[in-house]
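Descriptive structure summary
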Amino acid sequence: MKKNKIISEVICILMVLTLLCGCQDSKKYPTECKESPSQTEEQVLWPSYEQADVLSDGNLALVDFTHKDDGYICARLLQEVTGIKLQIQKDDKKYNYDLKRTDFTTFPVNMENGTYTIKILQQIEGTRYAICASTSMEVNLTNDLAPYLYPNQIVDYTIDSDVYKKSFELVKEDRDDLTRIAHLFKYVVDTLDYDDQKAKDVSETFVRHIKYCVDV
């Protein structure tokens, strides 16, 4: 088996098939779990980009809020340019993501229900950024787990990803969710190594904290 898979692949395996686990709450060991059919590929959720509700500065970037209640928003650059970030904030928590592509990338809305502030930021110098566009949005998630059921910039996979195909292969003979979780967990523990450099790259490249910003 290949080693040194990035940690996002570990998360992908667990997300695809186990977040809607139907096991009973029990103090018995081993825990009893009702039989249930395996998830099918047709049930896997993929983001879409209808652009029914958007934020844009008209020049640098565009953010699509259409599926905010499904736990994600999408954003893309409008031109090939560097130094553009998407900021997602709720109360005193905020995430700053680099925008690097002109096609849509998905970002999780993962700070529960409430009022979020979304900003498009442009680098001025170093860690100083200007606000190019800003808006607020009300989020009422259709499912508390919704932000974790779609691929996104950090946990990125497609229908052609090895990790996607492997997740179905590992549980194809299982008859309940607890067994599926056990097999996925064992595979992760036995075959994957935590890649410290990849984890550092994710933190510094995609979700870097901006220390000094203009009006941020």
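Residues numbered from 1 in each chain as written. Predicted model: local features only at pLDDT ≥ 70, side-chain atom pairs only at ≥ 80, totals over all residues. Heavy atoms only, no water.

1. Remarks on the nonpolar core
One finds Val63, Ile73, Leu86, Ile88 and Ile118 to be the most contacted residues of the largest nonpolar core, which totals 23 residues. Among the elements of the structure, strand E2 (61-64), strand E3 (72-77), strand E4 (84-90), strand E7 (114-125) and strand E8 (128-139) are those that each provide at least two residues to this core. (Core = buried A, V, L, I, M, F, W, Y, C linked by side-chain atoms within 4.5 Å. Buried < 20%, exposed > 50% of the residue type's maximum accessible area, 1.4 Å probe, protein only. Helix = DSSP H or I, 4+ residues; strand = E, 2+ residues; numbered from the N terminus.)

2. Remarks on the packing of aromatic side chains
This model, assessed by the stated rule, comprises seven aromatic pairs. Measuring from ring centre to ring centre gives 6.2 Å for Tyr95 and Tyr97, while their planes differ by 25 degrees; the resulting arrangement is stacked. Take Tyr97: its relative accessible area is 3%, and that puts it in the buried class. Through successive ring pairs, a cluster of aromatic residues spans Trp46, Tyr157, Tyr164 and Phe168. (Phe/Tyr/Trp six-rings, centres within 6.5 Å; stacked < 30°, edge-to-face > 60°.)

3. Section: the sheet that holds E2
Judged by pairing direction, the sheet is antiparallel, and its four strands sit side by side in the order E1-E2-E3-E6 without closing on themselves. This sheet does not close on itself; its edge strands, each paired only once, are strand E1 (54-56) and strand E6 (105-108). On average, each strand axis in the sheet is inclined to that of its neighbour by 25 degrees, with strand direction left out of account. In the sheet, E1 pairs with E2 via three bridges, with the strands oriented antiparallel. By the bridge assignment, Ser56 is partnered in E2 with Leu62. (Pairing = 2+ DSSP bridges. Axes fitted to C-alpha atoms, helices over the stretch in contact; angles between N-to-C directions.)

4. So, the environment of Phe168
Here Phe168 shows up in helix H2 (residues 162-171). The sequence separation of Phe168 and Ser38 amounts to 130 residues, and the corresponding C-alpha distance is 8.7 Å.

5. Topic: the sheet that holds E4
Spatially, the four strands line up as an open sheet ordered E5-E4-E7-E8, and their pairing is antiparallel. Each of the sheet's edge strands pairs with one partner strand only, and the pair in question is strand E5 (93-98) and E8. Averaged over all pairs of adjacent strands, the angle between strand axes in this sheet comes to 20 degrees, irrespective of strand direction. Examined bridge by bridge, E4 and E5 share six bridges and lie antiparallel to one another. Pairing of Leu86 across the sheet is with Tyr97, part of E5.

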